[in-house]
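Now for the letters of each chain:
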Amino acid sequence: MRFVSGMLFTLGMLVVGGAAVVASGLVDMSATRPPSALERLVGSVLADRSTARRAPRTGNPLPGTPEVLAAGLALYRRDCLQCHGAPGVSPWGAALGLNPSPPDLAAPDAQEGSDGDLFFVISHGVRMTGMPGWATSHDERELWHLVAFVRHLPRLAPAEKQALKAAAEAARR
Ligand code: HEC
């Protein structure tokens, strides 16, 4: 009995202590300040587990043909390039002030999940980061076009790199 009441007391103190830290304003939520290691860990585990639980198990229903990749490039150039950049293109404008910063989608970290994981994150975004959910403005086919193009990012042809670079230069002007 004493053990149980001791446990309850400790638990209560933890809840009260946690609430006091939150209420005190000690945690700096400014975007210009990098998140602590604990915040980063909790945020990334939450996002990864949430995606793993909800993402479709199917692969991309679209074939990786030049037409699909061209359509994906056009969508990516319009909606994603500014924040995520691409091989040879760095993000610009508002994307530089985001925290967490938008990851390089050609990097192994972003490529390691399944097509279903990419589809889920692109469709629904990531709450409390700058990553929007695109299912509100894009139909399912367009979302799979984007998945196909994100998968293709590490292997862009010179003409594709050039097209993205030209778009970024025009937008920055
Ligand atoms: C306004 C900026 C912004 C735009 C525009 C944007 N993203 Fe993101 N995106 C982010 C941020 C910030 C994250 C990091 C979220 C996090 O830390 O969990 C992210 C994360 C992602 C991830 C997960 C990467 C990983 O390593 O898990 C994918 C995939 C992604 N975005 C794809 C896209 C695609 C495709 C588009 C265009 C349709 C797009 N994003 C547009 C800001 C943006």
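The structure we're discussing is the one just above.
Residues numbered from 1 in each chain as written. Predicted model: local features only at pLDDT ≥ 70, side-chain atom pairs only at ≥ 80, totals over all residues. Heavy atoms only, no water.

Caption draft 1: The overall build of the protein chain, seen in detail. Secondary structure assignment for the protein chain yields eight helices and zero strands. Each helix (α) and strand (β) of the protein chain, taken in turn from the N terminus, gives the series α-α-α-α-α-α-α-α. In terms of overall dimensions, the protein chain has C-alpha extents of about 70 × 40 × 30 Å along its principal axes. In the protein chain, of all internal contacts separated by at least 6 residues, the share reaching a separation of at least 24 is 66%. In the protein chain, which carries 17 positive and 15 negative side-chain charges, the distance between the mean positions of the two groups comes to 5 Å. (Helix = DSSP H or I, 4+ residues; strand = E, 2+ residues; numbered from the N terminus. Contact = heavy atoms within 4.5 Å. Lys, Arg positive; Asp, Glu negative; His and termini not counted. Charge placed at Lys NZ, Arg CZ, Asp CG, Glu CD.)

Caption draft 2: Spotlight on the pattern of salt bridges. Across all of its chains, the model carries three salt bridges by this definition. The salt bridge partner of arginine 33 is aspartate 28, with a shortest N-O separation of 3.7 Å. A salt bridge links arginine 151 to aspartate 115, with the shortest nitrogen-to-oxygen separation between them at 2.7 Å. Linking arginine 151 in helix H7 (residues 140-152) with aspartate 115 in helix H6 (residues 115-124), this pair joins segments that are 36 residues apart in sequence. (Salt bridge = Lys/Arg side-chain N within 4 Å of Asp/Glu carboxyl O.)

Caption draft 3: Region of the structure containing the environment of leucine 143. By secondary structure assignment, the location of leucine 143 is in helix H7. Remark: the alpha-carbon pair of leucine 143 and arginine 77, spanning 66 residues in sequence, is separated by 14 Å. Excluding residues that lie within four positions of it along the chain, leucine 143 makes contacts with Phe119, Ile122, Ser123, Trp134, Ala135 and His138.

Caption draft 4: Local environment of unusual backbone geometry. Of the consecutive residues asparagine 99 and proline 100, the connecting peptide bond is found in the cis state with omega at 5°. Of note, methionine 128 is a non-glycine position whose phi angle comes to about 60°, a positive value. Looking at where methionine 128 falls in the secondary structure, it is placed in the loop between H6 and H7. What makes methionine 128 exposed here is its relative accessible area of 72%. (Buried < 20%, exposed > 50% of the residue type's maximum accessible area, 1.4 Å probe, protein only.)

Caption draft 5: Seen up close, the site of the ligand. In the vicinity of the ligand lie 21 residues, with Asp79, Cys80, Cys83, His84 and Met131 positioned nearest. A distance of 2.8 Å is found between a nitrogen atom of the ligand and a side-chain nitrogen or oxygen belonging to histidine 84. Contributions of two or more residues to the shell around the ligand are made by helix H4 (81-84), H6 and H7. It is H6 that contributes the most residues to the shell around the ligand, three residues altogether. (Near = heavy atom within 4 Å. Polar contact = N/O pair within 3.5 Å; in protein donor to acceptor, adjacent residues only side chain to side chain.)

Caption draft 6: Broad picture of the coordination of the iron atom of the ligand. Here the iron atom of the ligand is held by the protein donor atoms His84 (NE2) and Met131 (SD), which lie 2.0 to 2.3 Å from it. Residue classification places histidine 84 among the buried residues on the basis of a relative accessible area of 13%. (Donors = N, O, S within 2.8 Å, 3.2 Å for Na, K, Ca; no water.)

Caption draft 7: Layout of the packing of aromatic side chains. Counted according to the given criterion, the structure contains two aromatic pairs. Pairing phenylalanine 119 with tryptophan 144 gives two aromatic rings, centres 4.2 Å apart and planes at 15°, and the pair type is stacked. Highlighted residues: phenylalanine 119 in helix H6 and tryptophan 144 in helix H7, separated in sequence by 25 residues. What makes phenylalanine 119 buried here is its relative accessible area of 12%. (Phe/Tyr/Trp six-rings, centres within 6.5 Å; stacked < 30°, edge-to-face > 60°.)

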